Every structure is written in structure tokens, then in C-alpha cells.
Amino acid sequence: MIKLDSVSKEYHRRSNVIHALRPTSFEVAAGEFVAIIGPSGSGKTTLLSILGGMLAPSRGDVLINQHSLYSLSTKRRSRLRNEQMGFVFQSFNLVPWLSALENVQLPLSLYGADDACQRSRALELLERFGLQDRMDHRPSELSVGQQQRVALARTLAMNPPFILADEPTGNLDTQSRDLVMSTLKELQAEGRTIILVTHDPTVSAAAERVLHIADGEVSEVEAAAETHAA
């Protein structure tokens, strides 16, 4: 379970105060799929970064399974992110000089897993995404859809219970987008919690709940299935 308790984020520019996120409280239950929608600059990425332990709020707190995220030291918070959270980005964030296999191994390497464990887990995940014959290819040698599949495989390397996705389909064609969304639904069916940021209503329709954000204000809208039907 993830809970935001009166969380806000402000930036000070000279004499001006920019409210990137106004006081917000909500919960995401274990195994739930929640989409956060809103226009560019509305605060979606700020909210996701706070949820993911990457950006400290100005006020309020984030609770992960009832433990305060921002009361942890930087080192402990980083370890929690590595163990508990998987991140999917629009830009994939693959290391360009590493092979697909090495990119998937990276979280395990940072965690200190032995080489045999790293390779076994990475091969298992690449096979899951149909990329076993591309394991020695670098990102520049892969199609955009293949790069996103490598990124998804890397996200799962540590078997995280929480998946945070920031516009994961933004650079993809329809076929690749559908693959990403079907994968996220599979991950939810496995019991993982999915929080996805998007501006695309077609993508948000896959979620059980939709939160709308505009000018830093978060509000809950009707269930995604109802929104899609309307």
C-alpha cells in the first residue's frame, strides 16, 4: 500500500512561489492499477517522483506499507527503491554501451547479486519478452519497441511489488503500446501495484482508478472503464 498524507511540493523562484503539487492525500491499495492523467506541466511527473522516493515533498509524507519513506536516510531510501520499486520511463533510460543482457542485469549488479544469479535472472526475463536472440545487442541495435521491452525486463529484475511508469507508451507505435499495456495488466494480475502517468486516455482506460491532475491539484474521476465507455 502507498499512501500520500497531505503531500505538497513548492519551488521558490526569486519572490515567486510555484505550487508544483498542492496538498494531496490518497491511497493506492496493494495490487491496484491507478492512472494519473493531466496535461503537460500539470505536475504528473512531480507526483510520480515523490511517490517513488526521488523527490522530497515540501510538506507531508509518503507511506510505503505504513513506513514513512522520507524519514529514511538517503541510503536506506535508495535501497528501498531498488528492492521495492520498478520504474518504466518514456525514454527507456537504457545504458547505451551495455548489451540488452547487461542492461537487465544492472539492478542486480548494483544490489550485489552474484554473476550467475544476475545472468540467470536476466536471461529468464529477456526470454519472457521474446528477446533471447537479442541479448548481445546494444540499445542502438534494437528497435524502439525492443528497447522498451528490455526496459520492462530490467524493471522486473528485482521482482518489485510496485511499478511506477512515466508515459511508458509515449514514444511507441500502436503494436508496441499494446504490448506494454498488456504486460502491465499481467503484472497487476501477478499481484503488483501499478501507478502510471499518462496524457493518453486510451492508456488510462486500462487502469481501475484514474486521478486527474491540473495546476498541481489532484482529483479522482470515475473508474477508467466507465470513462472509456462514456
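Calculation notes
- Once a new chain begins, its residue numbering starts again from 1 and follows that chain's sequence as written.
- The predicted nature of this model means local features are confined to residues of pLDDT at least 70 and side-chain atom pairs, given and counted, to a pLDDT of 80 or more, with totals for whole chains, interfaces and linings taken over all residues.
- Excluded from the side-chain calculation are hydrogens and water; included are all heavy atoms of the structure.
- For salt bridges, the criterion is a side-chain nitrogen of Lys or Arg within 4 Å of an Asp or Glu carboxyl oxygen.
- Strands are runs of DSSP state E lasting at least two residues, helices are runs of H or I lasting at least four, and both sets are numbered from the N terminus onward.
- For each residue, the accessible area found with a 1.4 Å probe, counting protein chains only, is set against the maximum for its type, and the residue is called buried under 20%, exposed over 50%, and partly exposed in between.
- In short, DSSP must find at least two bridges between two strands for them to pair.
- A fitted line through C-alpha atoms serves as each axis, taken over the contacting stretch for helices, and the angle formed by two N-to-C directions is quoted from 0 to 180°.
- Roughly parallel covers angles under 35 degrees, roughly antiparallel covers those over 145, roughly perpendicular covers 65 to 115, and oblique covers all other angles.
- Crossing chirality is assigned from the near helix's rotation relative to the far helix, an anticlockwise turn below a right angle marking it left-handed and a clockwise turn marking it right-handed.
- Residue contacts follow a heavy-atom distance rule, with two residues in contact if any of their heavy atoms lie within 4.5 Å.
- Gly counts as polar in this scheme, as do all residues outside two lists: the nonpolar Ala, Val, Leu, Ile, Met, Phe, Trp, Tyr, Cys and Pro, and the charged Asp, Glu, Lys and Arg.
- Throughout, the protein atoms alone are placed on a 1 Å grid, and a set of points is a cavity if a 1.4 Å probe fits but cannot get out or a pocket if it is open with protein on both sides within 12 Å along at least five of seven lines; lining residues have an atom within 4 Å of a point.
- Grid points are joined across faces, edges and corners, and a volume is the space filled by probe spheres set on the points.

**A closer look at the pattern of salt bridges**
Line of reasoning, step 1. What the rule picks out here adds up to eleven salt bridges.
Line of reasoning, step 2. The shortest N-O distance in the salt bridge between Glu 217 and Arg 22 comes to 3.9 Å. In this pair, Glu 217 sits in strand β10 (residues 217–221) while Arg 22 sits in strand β2 (residues 16–28), placing the two residues 195 residues apart along the sequence.
Line of reasoning, step 3. Residue Glu 217 is classed as partly exposed on the basis of its relative accessible area of 45%.
Line of reasoning, step 4. Judged by its relative accessible area of 30%, Arg 22 is partly exposed.
Line of reasoning, step 5. The residue Arg 209 makes a salt bridge to Glu 220 at a minimum N-O spacing of 2.8 Å. In this pair, Arg 209 is assigned in strand β9 (residues 209–214) and Glu 220 in strand β10, connecting sequence segments eleven residues apart.
Line of reasoning, step 6. You can call Glu 220 partly exposed: its relative accessible area is 48%.
Line of reasoning, step 7. Within this structure, Arg 128, Glu 186, Glu 190 and Arg 192 form a network of salt bridges that share partners.

**Concerning the sheet that holds strand β7 (residues 162–166)**
Line of reasoning, step 1. Within the open sheet, the six strands sit side by side as β6-β7-β8-β3-β9-β10. Their pairing is mixed. Strands at the two margins of the open sheet, each flanked by one partner only, are β6 (85–89) and β10. Averaged over neighbouring strand pairs, the angle between their axes works out to 20° when direction is ignored.
Line of reasoning, step 2. Of the strand pairs in this sheet, β9 and β10 are connected by five bridges, and their pairing is antiparallel.

**Side note on the packing of helix α3 (residues 100–111) against helix α5 (residues 144–155)**
Line of reasoning, step 1. It is the contact of α3 with α5, at a shortest axis distance of 8 Å, that shows an interaxial angle of 30°. In terms of axis orientation, α3 runs roughly parallel to α5. The way α3 lies across α5 gives a crossing that is right-handed. Contacts from Ala 100, Asn 103, Val 104 and Pro 107 in α3 reach Val 150, Ala 153 and Arg 154 in α5.
Line of reasoning, step 2. For the contact of α3 with α5, the per-class residue count stands at five nonpolar, one polar and one charged.

**Quick look at the layout of surface pockets**
Line of reasoning, step 1. The space that makes up the largest pocket amounts to roughly 420 Å³.
Line of reasoning, step 2. For the largest pocket, the lining is made up of 18 residues, of which Asn 82, Met 85, Phe 87, Pro 107 and Arg 154 are closest to its centre.
Line of reasoning, step 3. The set of elements that each furnish at least two residues to the lining of the largest pocket consists of α2 (74–84), β6, α3 and α5.
Line of reasoning, step 4. For the lining of the largest pocket, the per-class residue count stands at eleven nonpolar, five polar and two charged.

**A closer look at unusual backbone geometry**
Line of reasoning, step 1. A positive phi angle is found at Ser 6, which is not glycine, with a value near 50°.
Line of reasoning, step 2. Relative to the assigned elements, Ser 6 resides in strand β1 (residues 2–13).

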